[in-house]
Amino acid sequence: MDINEFAVLKLFVVGVLINVGMMRGLSASDSFSTEPTPPRVRRVCNESRLQWEVEVCGEGFKEDMTHIDPQNWCNLTHFISEYHLFTLCTETKSQIVDCYWPNPLVERYIIHIHKHFFSNCTIDQPVWLDPPDDTLTILILIPVFLTLAMIGLVVWCSKRSDILA
């Protein structure tokens, strides 16, 4: 038997052993139960309590925002930690009263908070202008010439491969 054939045979045997070992570890009968699992009992969301809890979170946020200058209310860096605590509070309270988060009730309250604190925060939309014609021409021609140069280089190298071989 040739040395290369022997190496290929050894590689094949090792591959089969690794595959068998991996498939044995991934067997469905070892890790999964075939008996049906009982359904989880999901309690009903208490929306009236959630409304009260979310308002408590909102009052805390309003108290925190009184410590920030109203001129800085549109700058997120000045109140990001307070806003994070507000959203974390609403999420925690939603879970306590067995409601998913976000839900329409919480979203309405968050929108109410936004209207109260951030209604004057408008973002000026930038006006996009076309670049000057000279710049536009250069930006179009550079990729075209690079593509032509690469095609020429490939053709030139393919002709030279006969000489180099």
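Residues numbered from 1 in each chain as written. Predicted model: local features only at pLDDT ≥ 70, side-chain atom pairs only at ≥ 80, totals over all residues. Heavy atoms only, no water.

### What about the packing of helix α3 (residues 47-65) against helix α4 (residues 76-96)?
Next, step 1: As a packed pair, α3 and α4 sit with axes 9 Å apart at the nearest point and diverge in direction by 165°. If you check the angle between α3 and α4, you find them roughly antiparallel. The handedness of the crossing between α3 and α4 comes out as right-handed. Seen from α3, the contacting residues are Arg 49, Leu 50, Glu 53, Val 54, Cys 57, Gly 58, Phe 61, Asp 64 and Met 65; seen from α4, they are Phe 79, Glu 82, Tyr 83, Phe 86, Cys 89, Thr 90, Lys 93, Ser 94 and Ile 96.
Next, step 2: Class assignment for the residues of the contact of α3 with α4 results in 10 nonpolar, 3 polar and 5 charged. (Axes fitted to C-alpha atoms, helices over the stretch in contact; angles between N-to-C directions. Helix = DSSP H or I, 4+ residues; strand = E, 2+ residues; numbered from the N terminus. Parallel < 35°, antiparallel > 145°, perpendicular 65-115°, else oblique. Left-handed = near helix turned anticlockwise from the far one by under 90°. Contact = heavy atoms within 4.5 Å. Nonpolar A, V, L, I, M, F, W, Y, C, P; charged D, E, K, R; others polar.)

### What to know about the state of the cysteines
Next, step 1: Taken as a whole, this structure holds 3 disulfides when the rule is applied.
Next, step 2: A sulfur-sulfur separation of 1.7 Å characterises the disulfide bridge that pairs Cys 45 with Cys 99. Looking along the S-S bond of the Cys 45-Cys 99 disulfide, the torsion reads about 85°, which is the right-handed sense. Here Cys 45 is found in the loop between α2 (28-31) and α3, whereas its partner Cys 99 is found in the loop between α4 and α5 (104-118), with 54 residues between them in sequence.
Next, step 3: The class of Cys 45 is partly exposed, set by a relative accessible area of 26%.
Next, step 4: Judged by its relative accessible area of 4%, Cys 99 is buried.
Next, step 5: The residue that forms a disulfide with Cys 74 is Cys 121, at a sulfur-sulfur distance of 1.9 Å. One quick way to see it: the torsion about the S-S bond of Cys 74 and Cys 121 is about -90°, and its sign makes the bridge left-handed. One end of the pair, Cys 74, is in the loop between α3 and α4; the other, Cys 121, is in the loop between α5 and α6 (133-164), with 47 residues separating them in the sequence. (Disulfide = S-S within 2.5 Å. Buried < 20%, exposed > 50% of the residue type's maximum accessible area, 1.4 Å probe, protein only.)

### Comments concerning the packing of α4 against α5
Next, step 1: Following both chains from N to C, one finds α4 and α5 inclined at 160°, their axes separated by 11 Å at the closest point. The angle between α4 and α5 falls in the class roughly antiparallel. You can see that α4 and α5 cross each other, and the crossing is right-handed. Contacts from Phe 79, Tyr 83, Phe 86, Thr 90 and Ser 94 of α4 reach α5 at Val 106, Tyr 109, Ile 110, Ile 113, His 114 and Phe 118.

### Side note on the nonpolar core
Next, step 1: Counting residues in hydrophobic clusters, the biggest one holds 19 residues, and the most contacted among them are Leu 50, Phe 61, Met 65, Tyr 83, Phe 86, Phe 117 and Phe 118.
Next, step 2: Contributions of two or more residues to this core are made by α3, α4 and α5.
Next, step 3: In terms of residue count, α5 provides more of this core than any other element does, 7 residues in total.
Next, step 4: In this structure, Phe 86 is in contact with Cys 57, Gly 58, Phe 61, Tyr 109, Ile 110 and Ile 113, ignoring residues within four places of it in sequence. (Core = buried A, V, L, I, M, F, W, Y, C linked by side-chain atoms within 4.5 Å.)

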